[in-house]
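Structure at a glance
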Amino acid sequence: MNTFKCPACGALLAKDSAKCSACESDIDWQNGQPVVASTGSALKRVAIVVLIAVIAAALILAAVLLVIPRI
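All of these numbers come straight from a predicted model, not from anything done at the bench. (Residues numbered from 1 in each chain as written. Predicted model: local features only at pLDDT ≥ 70, side-chain atom pairs only at ≥ 80, totals over all residues. Heavy atoms only, no water.)

1. What to know about unusual backbone geometry
The phi angle of most residues is negative, glycine excepted, and most peptide bonds adopt the trans form. Backbone geometry at Asp16 places phi at a positive 70°, although glycine is not the residue there. Accessibility expressed as a relative area gives 55% for Asp16, which makes it exposed. Look at Asn31: it is not a glycine, yet its phi comes out positive at around 55°. Note that Asn31 resides in the loop between strand E3 (27-30) and strand E4 (33-36). (Buried < 20%, exposed > 50% of the residue type's maximum accessible area, 1.4 Å probe, protein only. Helix = DSSP H or I, 4+ residues; strand = E, 2+ residues; numbered from the N terminus.)

What follows is the structure in structure tokens.
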């Protein structure tokens, strides 16, 4: 059985492993070599940024609506 090193943490990986057992990074295989699959974590970061932006917009809207009637 061929073993490879996880590109994220250096732990040993069995060939065609989908996930590192040490750091739980998702692994893609390109040209027979392991690479960290960043799609999942990138989507999570985008989702978090979008959520924060929506919350900030809602807070600004609420603040504006509270101030406008008093003018």
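2. Focus on the confidence of the model for the protein
Counting all residues, the mean pLDDT for the protein is 85, and 89% of those residues have values of 70 or more. Highest mean pLDDT in the protein belongs to strand E2 (residues 12-14) (89); lowest belongs to strand E1 (residues 3-5) (86). (pLDDT = per-residue confidence, 0-100.)

3. Examining the packing of aromatic side chains
Following the criterion strictly, the structure yields one aromatic pair and no others. Their ring planes at 75° and their centres at 5.1 Å tell us that Phe4 and Trp29 sit as a pair that is edge-to-face. Here Trp29 lies in strand E3 and Phe4 lies in strand E1, a separation of 25 residues in the sequence. Note on Trp29: relative accessible area 22%, which makes it partly exposed. (Phe/Tyr/Trp six-rings, centres within 6.5 Å; stacked < 30°, edge-to-face > 60°.)

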